[in-house]
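Notes for the structure review
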Amino acid sequence: MIYLYWILAVPTGLLALLLVGLNLGGRPLSAATPIGLSLLMAVLVLAALAWGYRLGTVEGRPGWSVAVVVASWFAFALTMFVNGLLHQKTWN
(Lines give C-alpha, C1' and ligand atoms only; values in the text may rest on other atoms or scores of the structure.)
Protein backbone atom coordinates (compact mmCIF):
# COMPACT_ATOMS: atom_id res chain seq x y z
CA MET A 1 0.00 0.00 0.00
CA ILE A 2 2.93 2.33 0.59
CA TYR A 3 3.76 1.95 -3.11
CA LEU A 4 0.36 3.38 -3.96
CA TYR A 5 1.20 6.36 -1.74
CA TRP A 6 4.39 6.97 -3.72
CA ILE A 7 2.63 6.56 -7.07
CA LEU A 8 0.10 9.21 -6.04
CA ALA A 9 2.35 11.49 -4.01
CA VAL A 10 5.24 11.98 -6.44
CA PRO A 11 3.21 13.57 -9.27
CA THR A 12 1.16 15.54 -6.75
CA GLY A 13 4.31 16.88 -5.12
CA LEU A 14 5.89 17.76 -8.45
CA LEU A 15 2.78 19.68 -9.52
CA ALA A 16 2.64 21.49 -6.18
CA LEU A 17 6.33 22.43 -6.46
CA LEU A 18 5.76 23.63 -10.03
CA LEU A 19 2.87 25.79 -8.81
CA VAL A 20 5.03 27.23 -6.02
CA GLY A 21 7.76 28.03 -8.54
CA LEU A 22 5.32 29.70 -10.92
CA ASN A 23 3.76 31.73 -8.13
CA LEU A 24 7.08 32.85 -6.71
CA GLY A 25 8.06 33.83 -10.25
CA GLY A 26 5.02 36.11 -10.39
CA ARG A 27 2.86 34.04 -12.73
CA PRO A 28 -0.62 33.32 -11.35
CA LEU A 29 -2.47 30.05 -11.84
CA SER A 30 -5.23 31.91 -13.67
CA ALA A 31 -6.42 35.48 -14.09
CA ALA A 32 -9.03 35.09 -11.33
CA THR A 33 -6.82 33.25 -8.85
CA PRO A 34 -4.73 35.39 -6.52
CA ILE A 35 -1.12 34.30 -6.23
CA GLY A 36 -1.38 34.16 -2.46
CA LEU A 37 -4.29 31.73 -2.52
CA SER A 38 -2.72 29.29 -4.97
CA LEU A 39 0.62 29.53 -3.15
CA LEU A 40 -1.07 28.82 0.18
CA MET A 41 -2.92 25.83 -1.23
CA ALA A 42 0.23 24.43 -2.89
CA VAL A 43 2.09 24.69 0.42
CA LEU A 44 -0.82 23.00 2.21
CA VAL A 45 -0.73 20.17 -0.34
CA LEU A 46 3.00 19.74 0.28
CA ALA A 47 2.35 19.71 4.04
CA ALA A 48 -0.35 17.06 3.52
CA LEU A 49 2.12 14.96 1.52
CA ALA A 50 4.65 15.24 4.34
CA TRP A 51 1.98 14.22 6.84
CA GLY A 52 1.00 11.30 4.62
CA TYR A 53 4.64 10.23 4.42
CA ARG A 54 4.83 10.27 8.20
CA LEU A 55 1.61 8.27 8.47
CA GLY A 56 2.81 5.69 5.98
CA THR A 57 6.36 5.18 7.15
CA VAL A 58 6.72 6.14 10.80
CA GLU A 59 3.27 5.25 12.08
CA GLY A 60 2.73 2.27 9.77
CA ARG A 61 -0.60 3.40 8.31
CA PRO A 62 -0.14 3.38 4.53
CA GLY A 63 -3.88 3.36 3.86
CA TRP A 64 -4.30 6.63 5.70
CA SER A 65 -1.36 8.13 3.85
CA VAL A 66 -3.09 7.41 0.52
CA ALA A 67 -6.31 8.93 1.90
CA VAL A 68 -4.42 12.10 2.89
CA VAL A 69 -3.04 12.47 -0.65
CA VAL A 70 -6.48 12.09 -2.19
CA ALA A 71 -7.98 14.48 0.38
CA SER A 72 -5.34 17.07 -0.59
CA TRP A 73 -6.54 16.84 -4.21
CA PHE A 74 -10.11 17.49 -3.14
CA ALA A 75 -9.12 20.37 -0.86
CA PHE A 76 -7.16 22.07 -3.64
CA ALA A 77 -9.89 21.51 -6.24
CA LEU A 78 -12.66 22.69 -3.92
CA THR A 79 -10.75 25.84 -3.00
CA MET A 80 -10.07 26.71 -6.63
CA PHE A 81 -13.69 25.93 -7.58
CA VAL A 82 -15.10 28.17 -4.85
CA ASN A 83 -12.67 30.94 -5.79
CA GLY A 84 -13.77 30.64 -9.41
CA LEU A 85 -17.42 30.90 -8.42
CA LEU A 86 -16.72 33.95 -6.28
CA HIS A 87 -15.00 35.71 -9.16
CA GLN A 88 -17.46 34.76 -11.89
CA LYS A 89 -18.68 37.82 -13.77
CA THR A 90 -21.95 36.52 -15.20
CA TRP A 91 -24.72 34.97 -13.16
CA ASN A 92 -27.78 33.81 -15.05
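Here we summarise the structure given alongside this text. Keep in mind that what you see is a predicted model, and the values were worked out from it rather than measured.

Let us look at the packing of aromatic side chains. In this description, an aromatic ring pair is defined by two values, namely the gap between the centres and the angle between the planes. Inspection of every chain in the model, using the stated rule, returns two aromatic pairs. For the pair Tyr5 and Trp6, a centre-to-centre distance of 5.3 Å together with 70° between the ring planes defines the contact as edge-to-face. With centroids separated by 5.7 Å and ring planes inclined at 70°, the aromatic side chains of Trp6 and Tyr53 adopt a geometry described as edge-to-face. One end of the pair, Trp6, is in helix α1 (residues 2-24); the other, Tyr53, is in helix α2 (residues 35-58), and 47 residues separate them in sequence. Note on Trp6: relative accessible area 41%, which makes it partly exposed. Judged by its relative accessible area of 41%, Tyr53 is partly exposed. Here the aromatic cluster, defined as three or more aromatic residues joined through ring pairs, consists of Tyr5, Trp6 and Tyr53.

What follows is about the nonpolar core. By size, the foremost hydrophobic cluster in this structure holds eight residues: Tyr5, Leu8, Ala9, Ala16, Val45, Leu49, Val66 and Val69. Looking at this core element by element, the count peaks at four residues for α1. In this view, Val66 contacts Met1, Leu4, Tyr5 and Leu8; residues no more than four positions away in its chain are not counted.

Take the packing of α1 against helix α3 (residues 62-86) next. Helix-helix packing is characterised by the crossing angle of the two axes and by the distance between the axes. Where α1 contacts α3, the two axes come as close as 9 Å, and the packing angle between them is 30°. By the angle between their axes, α1 is roughly parallel relative to α3. In this structure, the crossing between α1 and α3 has a hand that is left-handed. Residues Ile2, Leu4, Tyr5, Leu8, Ala9, Thr12 and Leu19 of α1 pack against Pro62, Ser65, Val66, Val69, Val70, Ser72, Trp73 and Phe76 of α3.

So, on to a nonpolar patch on the surface. Judged by side-chain polarity, Trp6, Val10, Leu14, Leu17 and Tyr53 come together as a nonpolar surface patch covering roughly 510 Å² of accessible area. With four residues, the top contributor of residues to the nonpolar patch is α1.

We now examine α1. Between the first and last C-alpha of α1 there are 32 Å, a value that for 23 residues agrees with the 33 Å anticipated at 1.5 Å per step. Maximal helix bending in α1 amounts to about 25°, located at Ala9; proline Pro11 follows within four positions. Taken together, the buried positions of α1 are occupied by Tyr5, Leu8, Ala9, Thr12, Gly13, Ala16, Leu19, Val20 and Asn23. Contacts from the buried residues of α1 go to α2 and α3. Directly beyond the C-terminal end of α1, a positive phi value near 95° is found at Gly26.

Rules used in this analysis
- Residues numbered from 1 in each chain as written.
- Predicted model: local features only at pLDDT ≥ 70, side-chain atom pairs only at ≥ 80, totals over all residues.
- Heavy atoms only, no water.
- Phe/Tyr/Trp six-rings, centres within 6.5 Å; stacked < 30°, edge-to-face > 60°.
- Helix = DSSP H or I, 4+ residues; strand = E, 2+ residues; numbered from the N terminus.
- Buried < 20%, exposed > 50% of the residue type's maximum accessible area, 1.4 Å probe, protein only.
- Core = buried A, V, L, I, M, F, W, Y, C linked by side-chain atoms within 4.5 Å.
- Contact = heavy atoms within 4.5 Å.
- Axes fitted to C-alpha atoms, helices over the stretch in contact; angles between N-to-C directions.
- Parallel < 35°, antiparallel > 145°, perpendicular 65-115°, else oblique.
- Left-handed = near helix turned anticlockwise from the far one by under 90°.
- Patch = residues over 30% accessible without salt bridge, like charges linked within 9 Å, V, L, I, M, F, W, Y side chains within 5 Å.
- Areas by Shrake-Rupley, 256 points an atom, 1.4 Å probe, with all protein chains shown as cover.
- Salt bridge = Lys/Arg side-chain N within 4 Å of Asp/Glu carboxyl O.
- Expected span 1.5 Å × (residues − 1).
- Bend = angle between axes of the 7 residues up to and from the residue.

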